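Each chain, written out:
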Amino acid sequence: MLRANIDRGTTMDHLFSPNARPRLGRQRDDDGTGRLIFRLAVGLLQGALLFGLYRATEFRDINTGPLAAWALVASFAPPVWLAAVGQMPVRATVIWGVIATAILGGLGLASGLIDNAYSFPVMMVCLPAALFCAHHLIVPAVQSGQIVAPYANYYETAWKAGIQLVLALMFLGVFWLILWLGAALFNAIGIGVVEDIIENKAFVFFASSLVFALGVELTDVREGLTQGIRTVALTLLSWLLPVAVLLAGAFLIALPIAGFSKLNTSLSPAGLMLASSAGLIILINTVYQDGTEHLSGSGMLRIIMRVGCVLLLPMTLFALWAVGVRIGQYGLTVERVIAITGAMIGLMYALGYVAAQFVGAGRSEGWLPLLERTNVAVGAVTAATLLAYSTPWLNPMQLSINSQLSRLKSPTLDADDIPYRWLGWQSGARGRAALEELAKSEDAEIAKRAKAALDNRYTQVNQPDQPSRIVFYPEGTKAPEGFPPPNICTAQECAARLLDVDSDGTPEVVVNYNGSSFGVYKRDSEANWKRVGMYQPRDACRSIPGDGEKIKLTEPKLLPPFGPVPMELDGKVFDFAVEHDCSATSR
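Residues numbered from 1 in each chain as written. Predicted model: local features only at pLDDT ≥ 70, side-chain atom pairs only at ≥ 80, totals over all residues. Heavy atoms only, no water.

## Focus: the overall build of the protein
When helices and strands are counted, the protein shows 20 helices and seven strands. A sequence separation of at least 24 residues applies to 65% of the contacts in the protein between residues at least 6 apart. A total accessible area of about 31,100 Å² is found for the protein, and carbon and sulfur atoms account for 64% of it. (Helix = DSSP H or I, 4+ residues; strand = E, 2+ residues; numbered from the N terminus. Contact = heavy atoms within 4.5 Å. Areas by Shrake-Rupley, 256 points an atom, 1.4 Å probe, with all protein chains shown as cover.)

Right, here's the structure in full:
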C-alpha cells in the first residue's frame, strides 16, 4: 500500500508546513509496487466508468445533468488521481482528488440547468485546462510546504507532467497500432477473432484506460527519461524564439502601414495575434526555464527573450482592441468570449513580463523574479477563470445568449446586425423563442430574415439577396408570382418550366441546375416558394450532358410511378431506392 509520511493526527496545516516534505521530494513505497497497483486500479475504474457511460448514452442525451456529471468525472477525475499519487503525501492526494472529483461532478449536475447542448462542449475544454493549472499550483505548494512554492518547483512539476502526458498518449497510440497490426496478420490467414476482441467496446475502454495508467507509471519511474526529453525539447524550442521575435517585430512595423482598421473586420486577425502571443509566451519560457542563468540559454537568447517580452505588450493590446471593437458592434459569442479572455490573460502576461525587465532583475531568487511571479499568478487567474466558465451562470454560451438578447432590445438595431441562424439553432430555447418573436416584428426585413432562419438553419439570411438568373421555357412563359425564392441560380443561368408534377391542377416549377439535376419548387400554405424535391436520372451509371439544353426545347413528360410501392413500419414510411449495377454498364 502507498505509504504516507503524515501521522494520523496530522492536520491540513501540517501539510503546508516547511517540514511537511522536502523540496521536490516523493512519498512512495520502497519499490513503487503500491503506487503501480493504485494507478492500475484507477485505470480499471476509469475503464468501467467510460464503458458504463457509453452504454448509458446509446439511447440518451448526454446533456442531462447526471450523465454530464458522469462524463466529466469519468473523463477527468482519474487523470488527477494518476498525476497526484506519488507526488504528494497520501492524505494530500486524497483531499485534492476528492475535491477535484466533487468539482467535476457538481458542475456536471449543475449543467442540467442549462437548456442547450452547446455549453457542455465548452465545459469539456475548460475543465481539463483548469484542473491542469490548479494541479500544478497545488502539487509544488504541498511539496515545498509553502503556499507559494519556489519557482523551480512549478517549473519542474508542470513541464514533467506535460511530457508525461504526451509520452503516455504516445504509448497508448503505439499499443493500439500493434494490436491492429496483429489483427491484420490474423485476418490474412482467415482468423478474425483478434479483430473481434479489439473491436469489442468493453475491451476498448478497459484496455485504453489501463494502458494509459501504465504509461503514466512508467514515465514516472524513469525520471531521467522525462528530464532528458524536456532538456532536448526546451533547447530546440528556445532557438525558435529569434524567428518568432523577428516576425512579431516585422508585423508590428507593418501594421500601421497596412492600417489598423483591418484588425477589426473580423475575428480572425485578433485570433491570429492571440495565437502568436501565446506562442511567444511559450518560447520565452523555454529560454527562461527555471530562472537559473546557466540553464536559461545563451547571452544572445536572453537578450532576444527580453525583446520578445516587450513586443508581447503591443501584440496583446492590439488584439484586445480588435476583439473589443467586434464585441461593441455585434455583442458576445462563444468565440468572442474566448478571444476576449485570451486577450486579457495575454495582457496580464505582457504587463508582468515588461515590468520584469525593470523591477527586481538580477536578484538572487532568479534573474527575472517578477516574470516568475507573473507566471504563477496568471496561472491561478487562468484556472479560476476557466472554472468559472464551466458553471451554468458564467458559461460562455450563456454569456453570449444574454448579450445577444439584450442587443435585441435596442431600438436602433439594424437587420444586418442580428445573428438569426445562431439564435434559432445554436442558442437553445431562449434564443429560438427570441427568433420567433423577431419573426413577428413590425420591421418587414427583420421578420423576413427571422422566418427564413426558422425554416432553414443553413439560409444565409444576413447576406444580401443575389439576383436569380432563371429563364422560363418555352419562350414567353412568365414566372409565377413570388418566384424565385432568394439565392438560387445566382452563379449561372438556369432553365425552368412549369409542370404539374403532383396533378393537383396547379403547376410547380422545375428548374435545371447543372446538367441532370432538376429541382421542384411549390408554394406552401403561406404562398412562399420552397423546394419540395429533386428529379435525378434513373440510370445513375451514365452521365449524359445536355439535359439543361433539352429542357429548353422539349416539354417533359410525367411517367407512371416506378418500382415497388413504399413500405410502412410502425408509422414510419420507407421509400424504395433502386440499386444500380454500374459494373454491368462499364462492360
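## Some points on the environment of Leu-301
Note that Leu-301 resides in helix H12 (residues 299-330). In this structure, Leu-301 is in contact with Ser-238, Trp-239, Leu-241, Pro-242 and Val-287, ignoring residues within four places of it in sequence.

## So, the sheet that holds strand S1 (residues 470-472)
Reading across the sheet, the five strands line up as S1-S2-S3-S4-S5 and stay open at both edges, with mixed pairing between neighbours. Two strands in the sheet have a free side with no partner beyond their single neighbour: S1 and strand S5 (529-535). Neighbouring strand axes in the sheet, compared pairwise and without regard to direction, differ in orientation by 30 degrees on average. As judged from the three bridges shared by S1 and strand S2 (residues 494-499), these two strands associate in the parallel manner. Residue pairing for S2: Ile-470 is matched across the bridge by Cys-494. (Pairing = 2+ DSSP bridges. Axes fitted to C-alpha atoms, helices over the stretch in contact; angles between N-to-C directions.)

## Regarding a nonpolar patch on the surface
A surface patch of nonpolar side chains, amounting to about 570 Å² of accessible area, comprises Leu-185, Phe-186, Ile-189, Ile-191, Val-193 and Ile-197. Position of Ile-197 among the secondary structure elements: in helix H7 (residues 193-199). (Patch = residues over 30% accessible without salt bridge, like charges linked within 9 Å, V, L, I, M, F, W, Y side chains within 5 Å. Salt bridge = Lys/Arg side-chain N within 4 Å of Asp/Glu carboxyl O.)

## Focus: unusual backbone geometry
Residue Pro-474 is bonded to the preceding Tyr-473 through a cis peptide linkage, with omega at -5 degrees. Inspection of the secondary structure puts Pro-474 in the loop between S1 and S2. Going from Phe-483 to Pro-484, the amide bond is cis rather than trans, its omega being 5 degrees. Summarising the element assignment, Pro-484 is placed in the loop between S1 and S2. Although it is not a glycine, Gln-289 sits at a positive phi angle of roughly 55 degrees. Within the secondary structure, Gln-289 sits in the loop between helix H11 (267-288) and H12.

## A word on the nonpolar core
Counting residues in hydrophobic clusters, the biggest one holds 44 residues, and the most contacted among them are Leu-241, Ile-284, Met-305, Tyr-353 and Leu-371. Of all elements in the fold, only helix H6 (151-188), helix H10 (241-258), H11, H12, helix H13 (334-356) and helix H14 (369-389) reach the threshold of two or more residues within this core. The element that contributes the greatest number of residues to this core is H12, accounting for 11 residues. Here Tyr-353 is in contact with Ile-281, Ile-284, Asn-285, Cys-309, Leu-312, Leu-371, Thr-374 and Asn-375, once residues within four sequence places are set aside. (Core = buried A, V, L, I, M, F, W, Y, C linked by side-chain atoms within 4.5 Å. Buried < 20%, exposed > 50% of the residue type's maximum accessible area, 1.4 Å probe, protein only.)

## As for the pattern of salt bridges
For the structure on display, the rule yields 11 salt bridges. With its nearest N and O atoms 3.0 Å apart, the salt bridge here joins Arg-39 to Asp-220. Highlighted residues: Arg-39 in helix H2 (residues 33-56) and Asp-220 in helix H8 (residues 201-221), separated in sequence by 181 residues. By relative accessible area, Arg-39 is classed as buried at 1%. Note that Asp-524 is salt-bridged to Lys-530, the shortest N-O span being 3.7 Å. Its relative accessible area of 25% is what places Asp-524 among the partly exposed residues.

## Let's talk about the side chain of Arg-407
Looking at where Arg-407 falls in the secondary structure, it is placed in helix H15 (residues 396-407). Classification of Arg-407 as buried rests on a relative accessible area of 13%. In terms of polar contacts, Arg-407 uses its side chain to reach the side chain of Gln-404, at 2.9 Å. (Polar contact = N/O pair within 3.5 Å; in protein donor to acceptor, adjacent residues only side chain to side chain.)

## Examining the environment of Tyr-154
With respect to the helices and strands, Tyr-154 occurs in helix H6. Sequence separation between Tyr-154 and His-136 is 18 residues; the distance between their C-alpha atoms is 6.6 Å. Ignoring sequence-local partners within four residues, the contact set of Tyr-154 consists of His-136, Leu-137, Pro-140, Ile-147, Val-148, Ala-149 and Val-376.

## Points about the packing of aromatic side chains
Inspection of the entire model under this criterion finds 11 aromatic pairs. For the ring pair Tyr-54 and Phe-205, a centre distance of 5.7 Å and an interplane angle of 40 degrees mean the geometry is tilted. A residue pair is termed long-range when its members are at least 10 positions apart, and Tyr-54 in helix H2 and Phe-205 in helix H8 qualify at 151 residues. Centroid distance Phe-483 to Trp-529: 5.3 Å. Interplanar angle 85 degrees. Geometry classified as edge-to-face. Of this pair, Phe-483 sits in the loop between S1 and S2 while Trp-529 sits in strand S5, placing them 46 residues apart in sequence. Take Phe-483 and Trp-529: they sit in the same class, and that class is buried. Pairwise contacts between aromatic rings join Phe-51, Tyr-54, Phe-205 and Phe-206 into one cluster. (Phe/Tyr/Trp six-rings, centres within 6.5 Å; stacked < 30°, edge-to-face > 60°.)

## Some thoughts on the environment of Leu-312
Here Leu-312 lies in helix H12. Classification of Leu-312 by relative accessible area gives buried; the value is 0%. A sequence separation of 35 residues divides Leu-312 from Ser-277, and the C-alpha atoms of the two residues are 6.3 Å apart. Setting aside residues up to four positions removed in sequence, Leu-312 forms contacts with Ser-277, Leu-280, Ile-281, Tyr-349, Ala-350 and Tyr-353.

## Quick word on the packing of H13 against H15
Where H13 meets H15, the closest approach of the two axes is 8 Å, and the angle between their N-to-C directions is 110 degrees. Relative to H15, the element H13 is oriented roughly perpendicular. As for how H13 packs across H15, the hand of that crossing is right-handed. For the pair H13 and H15, contact is made by Val-334, Arg-336 and Val-337 and by Pro-396, Met-397, Leu-399, Ser-400 and Gln-404, respectively. Partitioning the contact of H13 with H15 into residue classes produces five nonpolar, two polar and one charged. (Parallel < 35°, antiparallel > 145°, perpendicular 65-115°, else oblique. Left-handed = near helix turned anticlockwise from the far one by under 90°. Nonpolar A, V, L, I, M, F, W, Y, C, P; charged D, E, K, R; others polar.)

## What to know about H8
Side chains of residues three or four places apart in an α-helix project in the same direction, reflecting 3.6 residues per turn. Its 21 residues place the ends of H8 30 Å apart at the C-alpha level, agreeing with the 30 Å of an ideal helix rising 1.5 Å per residue. Along H8, the residues that are buried comprise Ala-207, Ser-208, Ser-209, Val-211, Phe-212, Ala-213, Gly-215, Val-216, Glu-217, Thr-219 and Asp-220. Where H8 begins, one side-chain oxygen reaches toward the backbone nitrogen of Ala-202, 2.9 Å away; that side chain belongs to Asn-200. (Expected span 1.5 Å × (residues − 1).)

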